[in-house]
Amino acid sequence: MRQLLSSIAFCALMTSPLMAQEYHQSPMLDGMDLPPVAERLPSNPRVMTPLEEVGVYGGTLKRGSAIIVDYLTENFTREPLFMWQLPLTNAGPPVPNLASGIEYSEDGSSAVVTLRDGIRWSDGAPFTADDIAFYWNDIMLNENVSEAFPGILLVDGKPPALTVLSPTEVKFDFGKPYYFFEEAMASVWEIAWPKHYMKQFHPDFTDGATYEELNTKLGLQTGRGKVTLQAWMLEDYVEGEHYNLTRNPYYWKVDTAGNQLPYFDKASVEIVEDRQSVALGNATGKFDLDSMWVGPQHLGLFSEAIQSGRDISIIFGDVPGMAIYFNFDHADEALRKVMRDVNFRRAVSVAIDREEINNIYYNGFLNPGNAAFAPVTPYFREEDYKLWAEYDPEEAKAMLAEAGYSDTDGDGYLEDPEGGAINLVIDVGQHDLYTGIVELIVTDYLKDIGIKATMNVGDQTAIRDKYQEGDFTMHVWDYEGSSFPLSQNFDEISPGRPNMPPYHAKHEETGDVDENFTHFGELMNGATTKPFEQRQKDMQEASRLMADNAWIVHLGYFERPFIHNNRLGNAPEKITRSDQVNDQPAWQAMLLFDKTAK
């Protein structure tokens, strides 16, 4: 059946409709040669519900950064067709943003997206479907332009075909059922460029223009940011000094009281020396917020600042912790059998004292668990997360004994069920956290249950290359892909492209590690072809299979600390920082305001 997503249905999830069409603007715009605010807004502006209260206008949102890059500029207020429900992406499916709705074909192999009628660029020019087509075809798919097509939008490795149906309608043909489109679209940084402005630099539209020049105009900081759909537009940029923004008078979002957003009139980013300088600026109140640069290493600094009277708050976001990968295709047949033994992997998992690791290395911010998909996804279930995660060395020993592992030569270490010696090598790159953890696992936890292991510490790049080449027994790295398991890198954990995932690259040649892995791959590869509700069920089952079979042993997600000045109204208590949402959109900066001015 046809799947219809209307702006009315979805905006009810995250927005409150305005009962009366009366809009208000910042006093900064009073007296400017502009149309009335109601004429600058679309017929159906996106209504944003403040986290705490309706804010007040004025002031500058101040930030610091060691560099100005697209990661920062394009995500200041990200504006794709659909957007995650924020500040936490596990709230449900994405909601219409630039779009007002989407209608899938009966088989889900194509979709027509309807745009909000009347959105304008920051210079007042109409935003239309042609702007999307220009960015799609003439920028991203133009091999002469240094703007890569987002991998998350590829369907079976190919970009969907785009057809402009009208100024407010765009059709996307996927070539197969693809109900994942809204989540994929919510994960891109941009989806439209102002054709009326950028075509002057494009050789296909302007005589004398060159690709060499065009490729110097791609960043928002180079001038393109003066014509934007974001809440603020470029005011000026001085390399190595600052990136300054001023409010977009045509911004197309309002709050529940009809106030055109954003609340802050301006935003600024001061360029500082390094990560520590960003942290210091936030600790002293010079900057208002950060989730890009600060981390656990700055907790002491922030705590001291709070104790000394600084009016700042520490908030958190769940991020993946350390994971152990087993080589299911090991060249040594005996070791391959050990790696493929679910009892062995489960025993390794329950032999690890995650709480002790939490106290020693994570300062109490680790939430001990196993390899279920992340809490920031709609696929997370607590009961899956706790599978084989509770420290129980006696259970580990019992599982190994039942599976046939025993100390046949009396040296204190177990032999495999066929009597062969086991000496595991665990590869780990030089890391201020993981190296110490692996040493503890090798010298204490595995030794305690009779497993002999050796730690191999090396250059991170070299260790990673060994993993990608299949030249390892056990490998330690971040738990990749878990915060967005259906992204373009989903086959880091699931069978997808040939020779993936790296820990089981030869599964087509040697056979899957077990029938559950086969089913896991089927669920993962079929998930994007199903509507959200069915996809959620399938992915929850995939998450359970991952955790229960311990194909990857994860220590748990930990709360990474971020910071904000307490003068900010509507600052979230917790945010999502993950592959699909970056770290900045979750702040919903257009809703932040200066409480001291109220």
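Here, the structure is the one placed above.
Everything in this summary refers to the structure shown in the same document. (Residues numbered from 1 in each chain as written. Predicted model: local features only at pLDDT ≥ 70, side-chain atom pairs only at ≥ 80, totals over all residues. Heavy atoms only, no water.)

A word on the sheet that holds strand S11 (residues 242-247). Hydrogen bonding along the main chain pairs the strands of a sheet, whether they run parallel or antiparallel. The four strands are arranged S3-S13-S11-S10 in an open sheet whose pairing can be described as mixed. Two strands in the sheet have a free side with no partner beyond their single neighbour: strand S3 (60-65) and strand S10 (232-238). Across the sheet, the mean angle from the axis of one strand to that of its neighbour is 15°, orientation sign disregarded. Inspection of the sheet shows S3 paired to strand S13 (residues 266-271) by six bridges, in the parallel sense. Residue pairing across strands places Lys62 opposite Ser268, the latter belonging to S13. (Pairing = 2+ DSSP bridges. Helix = DSSP H or I, 4+ residues; strand = E, 2+ residues; numbered from the N terminus. Axes fitted to C-alpha atoms, helices over the stretch in contact; angles between N-to-C directions.)

One pass over the full model with this rule turns up 34 aromatic pairs. When the centroid spacing of 6.2 Å and the interplanar angle of 45° are considered together, the rings of Tyr325 and Tyr503 count as tilted. In this pair, Tyr325 sits in strand S16 (residues 322-326) while Tyr503 sits in the loop between strand S20 (474-478) and helix H17 (507-510), placing the two residues 178 residues apart along the sequence. A residue is classified by how much of its surface remains accessible, and Tyr325, at 2% relative accessible area, is buried. Overall, the relative accessible area of 0% leaves Tyr503 in the buried class. With centroids separated by 6.0 Å and ring planes inclined at 35°, the aromatic side chains of Phe344 and Tyr405 adopt a geometry described as tilted. In this pair, Phe344 sits in helix H11 (residues 342-351) while Tyr405 sits in the loop between helix H14 (393-402) and strand S18 (424-429), placing the two residues 61 residues apart along the sequence. Here Phe344 and Tyr405 have matching classes, each one buried. Taken together through their ring pairs, the aromatic side chains of Trp84, Trp136, Phe149, Phe172, Phe174, Tyr178, Phe180, Phe181 and Phe484 make up a single cluster. (Phe/Tyr/Trp six-rings, centres within 6.5 Å; stacked < 30°, edge-to-face > 60°. Buried < 20%, exposed > 50% of the residue type's maximum accessible area, 1.4 Å probe, protein only.)

The strand order across the open sheet built from five strands is S19-S18-S20-S16-S21, with neighbouring strands paired in mixed fashion. Each edge of the open sheet is held by one strand with a lone partner, namely strand S19 (453-458) and strand S21 (552-554). Pairwise comparison of adjacent strand axes, ignoring direction, gives a mean angle of 25° for this sheet.

In terms of backbone geometry, most residues other than glycine have negative phi values and most peptide bonds are trans. The residue after Leu86, namely Pro87, is reached through a cis peptide bond having omega 20°. Within the secondary structure layout, Pro87 lies in the loop between strand S4 (82-83) and strand S5 (95-96). Between Met500 and Pro501 the backbone carries a cis peptide bond, its omega angle lying at 0°. Among the secondary structure elements, Pro501 is positioned in the loop between S20 and H17.

Let us look at the pairing of S16. A large share of S16 lies buried, amounting to five of its five residues. Of the two faces of S16, the one lined by Met322, Ile324 and Phe326 and the one lined by Ala323 and Tyr325 are each fully buried. In this sheet, S20 lies alongside S16 in antiparallel orientation, the contact comprising five bridges. The partner of Tyr325 across the bridge, within S20, is His475. Sheet analysis places S16 next to S21, joined by three bridges and oriented antiparallel. Across the sheet, the residue bridging to Ala323 is His554, located in S21.

Another aspect to go through is the pattern of salt bridges. The tally for this structure, following the rule as stated, stands at 26 salt bridges. Salt-bridge contacts for Arg340 lead to Asp329; the nearest nitrogen and oxygen are separated by 3.5 Å. On the criterion of sequence distance, the pair formed by Arg340 in the loop between helix H10 (333-339) and H11 and Asp329 in the loop between S16 and H10 is long-range, its members being eleven residues apart. Comparing Arg340 with Asp329, the two get one shared label, buried. (Salt bridge = Lys/Arg side-chain N within 4 Å of Asp/Glu carboxyl O.)

It is worth spelling out the side chain of Asn259 at this point. Examined against the element boundaries, Asn259 turns out to sit in the loop between strand S12 (253-255) and S13. Sequence-distant contacts of Asn259, defined by excluding residues within four places in its chain, comprise His24, Val54, Tyr57, Lys253 and Val254. (Contact = heavy atoms within 4.5 Å.)

Let us now look at a negative patch on the surface. Taken together, the side chains of Glu356, Glu439, Asp444 and Asp448 present a region of like negative charge at the surface. When residues of the negative patch are assigned to their parent elements, the largest contribution, three residues, is made by helix H15 (residues 434-448). Structurally, Asp448 can be placed in helix H15. (Patch = residues over 30% accessible without salt bridge, like charges linked within 9 Å, V, L, I, M, F, W, Y side chains within 5 Å. Areas by Shrake-Rupley, 256 points an atom, 1.4 Å probe, with all protein chains shown as cover. Lys, Arg positive; Asp, Glu negative; His and termini not counted. Charge placed at Lys NZ, Arg CZ, Asp CG, Glu CD.)

With that out of the way, let us pick up the packing of helix H12 (residues 354-361) against H15. In the contact formed by H12 and H15, the axes pass within 11 Å of each other and the chain directions differ by 140°. With respect to H15, the axis of H12 lies oblique. Where H12 crosses over H15, the two elements pack in a sense that is right-handed. For the pair H12 and H15, contact is made by Glu356, Ile357, Ile360 and Tyr361 and by Gly436, Ile437, Leu440 and Tyr445, respectively. (Parallel < 35°, antiparallel > 145°, perpendicular 65-115°, else oblique. Left-handed = near helix turned anticlockwise from the far one by under 90°.)

Among the residues making up H12, those that are buried are Arg354, Ile357 and Asn358. In an axial view of H12, the angular spread of the buried residues amounts to 105°, which keeps them on one side of the axis. Buried residues in H12 make contact with H11, strand S17 (366-368), H15 and S21. Directly beyond the C-terminal end of H12, a positive phi value near 55° is found at Asn363. (Arc of directions from axis to C-beta.)

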